[in-house]
Amino acid sequence: MPTSDSTLDPANVQAIFKAYDVRGTVPDQLDETLARVSGSAFVEVIGARTIVIGYDMRPSSPALAAAFAAGATEAGADVIMIGLASTDQLYFASGHLDHAGVMFTASHNPAQYNGMKLCRAGALPIGMDTGLAEIRDSVIRGGHQSAGRTGSISEQDVLVPYAEHLLSLAPVAGRRLKVVIDAGNGMAGLTAPVVFERIGADLVDVVAMYFELDGTFPHHEANPIEAANLVDLQKRVIDEGADIGLAFDGDADRCFLVDERGEAVSPSTLTALIAARELAKAPGSTIIHNLITSRAVPEIVTELGGTPVRTRVGHSYIKATMAESGAIFGGEHSGHFYFRDFFNADSGMLAALHALAALAASDQPLSRLMAAYERYVVSGEINSTVADQASIVDGLEKKYADSDGVTTDRLDGLTVSHDDWWFNVRPSNTEPLLRLNAEGRDRPTMERVRDEILTIIRSDS
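Since this is a predicted model, take the numbers as computed values, not measurements. (Residues numbered from 1 in each chain as written. Predicted model: local features only at pLDDT ≥ 70, side-chain atom pairs only at ≥ 80, totals over all residues. Heavy atoms only, no water.)

### A word on the side chain of Ser 38
Alright, step 1. On the secondary structure map, Ser 38 appears in helix α2 (residues 32–46).
Alright, step 2. Setting aside residues no more than four positions away along its own chain, Ser 38 makes contact with Phe 17, Phe 68, Met 116 and Val 139. (Helix = DSSP H or I, 4+ residues; strand = E, 2+ residues; numbered from the N terminus. Contact = heavy atoms within 4.5 Å.)

Here is the structure:
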């Protein structure tokens, strides 16, 4: 197996194997050679006998997926190719078929990127602490060198079973809705038509935006957490007089909402809505929320008789905590939503269906429906370039630790909490950045806290 390619240089491999996945630019950081070796390393470390492989619409994805499949079969595993897919469709295939899986995607990253999201059978996550470090080290060694057999490659279409499973978990019934969907030229352009066709034209009137699969993202980046990428959808919702707008990221595992006024809905607010719906089905259940989610989420969960559990940021932490606690649902402020009945995996489409089901069953507009789950004012995530992240975080902790009515913790970065406000500052895993999230009981409180912390963070930058 080739080991001389520059992408197999240990420094490059270390750089692209991130905390939760593999991601880099093509072809200088990630190419077919590295994908092939990764396929054999995956088999070596995971011990998978069969692997499900999917890929997104990026120009480099089919060749990278084929190379990974070749490496896996050389190492003795059989491969099931599901073809073009959303990431949650790959997770469905892994859970439904009970095989390990890999999805070739760089999610919301620009066109020159690609990557791999890996999971064990049953869509169990693989992160740096749960196998990804070992796979990385195997890649550096050149992967699995020999096998007693060469595996087979077959194809299987799981798109219809995926759509039917989602709709069984969140059926939509009630009044007819006009829905604008911005797929961002990503994989929702493939999955949304199949899902919404099964809801039926008598219940949903779909206005499609950027459904053409195009990994060069000709209209805007497929990253709806950035406000600039919602502008087209917001305008179209207003122009169409629509009831709701849905924005998906490139691999469609995240979904963001726009209400009938063209206003973006906070992912924390959607987390609270879905939590309420899930607790209605399973009273007393555990709900997971990460530590930058609005304080409204644990408050509402508690009021509804559920048990809120707070976790670090990152899907591997959420999924692991869900499995340990038996939680029925988990939400992240980044727009990831995790469901016990979906193999503890995240699905942007299932989150969207929950919003549609709640709205169709209500006689209220979306803005009024969601207002019941909004209690505080949030800053959104603000990034600052900082050379010495640790000293800034330590300084903030010293400043606030002895303040009246204030508590601090280091679950993930630094969280400082007061009855009227809180903020979290945590370092990026991959860049010299500090990420600030702040929340207040009202806007002046939030802005005061936000500006005070930013002044400290940026004083030495």
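### Quick word on the side chain of Thr 105
Alright, step 1. Within the secondary structure, Thr 105 is located in the loop between β4 (100–104) and β5 (113–120).
Alright, step 2. Thr 105 gets classed as buried once you look at its relative accessible area, which sits at 1%.
Alright, step 3. Excluding anything up to four places from it in sequence, Thr 105 contacts Asp 56, Thr 87, Asn 114, Gly 115, Met 116, Lys 117 and Asp 251. (Buried < 20%, exposed > 50% of the residue type's maximum accessible area, 1.4 Å probe, protein only.)

### Some thoughts on the sheet that holds strand β14 (residues 307–311)
Alright, step 1. Read across the open sheet, the five strands follow the order β14-β13-β15-β16-β17; overall the sheet is mixed. This sheet does not close on itself; its edge strands, each paired only once, are β14 and β17 (345–346).
Alright, step 2. Against the sheet, helix α11 (residues 315–325) contacts β13 (286–290), β14, β15 (329–331), β16 (337–339) and β17, and its axis sits at roughly 165° relative to β13. (Pairing = 2+ DSSP bridges. Axes fitted to C-alpha atoms, helices over the stretch in contact; angles between N-to-C directions.)

### Some remarks on the environment of Thr 407
Alright, step 1. Along the chain, Thr 407 falls in strand β20 (residues 407–409).
Alright, step 2. When the C-alpha positions of Thr 407 and Asp 419 are compared, they lie 9.7 Å apart, and in sequence the two are 12 residues distant.
Alright, step 3. Excluding anything up to four places from it in sequence, Thr 407 contacts Thr 415, Val 416 and Ser 417.

### Topic: the packing of aromatic side chains
Alright, step 1. Within this structure, the stated rule accounts for 11 aromatic pairs.
Alright, step 2. Taken together, a centroid distance of 6.1 Å and an interplanar angle of 70° make the contact between Tyr 400 and Trp 421 edge-to-face. Here Trp 421 lies in strand β22 (residues 421–427) and Tyr 400 lies in helix α14 (residues 389–401), a separation of 21 residues in the sequence. Take Tyr 400 and Trp 421: they sit in the same class, and that class is buried.
Alright, step 3. Aromatic side chains Tyr 400 and Phe 423 sit 5.3 Å apart centroid to centroid with 65° between the ring planes, which places their arrangement in the edge-to-face category. With Tyr 400 in helix α14 and Phe 423 in strand β22, the pair connects residues that are 23 residues apart, well separated along the chain. Across the pair, Phe 423 and Tyr 400 agree in class, each one buried.
Alright, step 4. Members of the aromatic cluster, connected to one another through ring pairs, are Phe 92, Tyr 162, Phe 342 and Phe 343.
Alright, step 5. The ring of Tyr 91 carries the charged tip of Lys 319 above its face, separated from the ring centre by 4.1 Å.
Alright, step 6. Taking NZ or CZ as reference, Lys 399 lies 5.5 Å from the ring centre of Tyr 400, over its face. (Phe/Tyr/Trp six-rings, centres within 6.5 Å; stacked < 30°, edge-to-face > 60°. Lys NZ or Arg CZ within 6 Å of the ring centre and 35° of its normal.)

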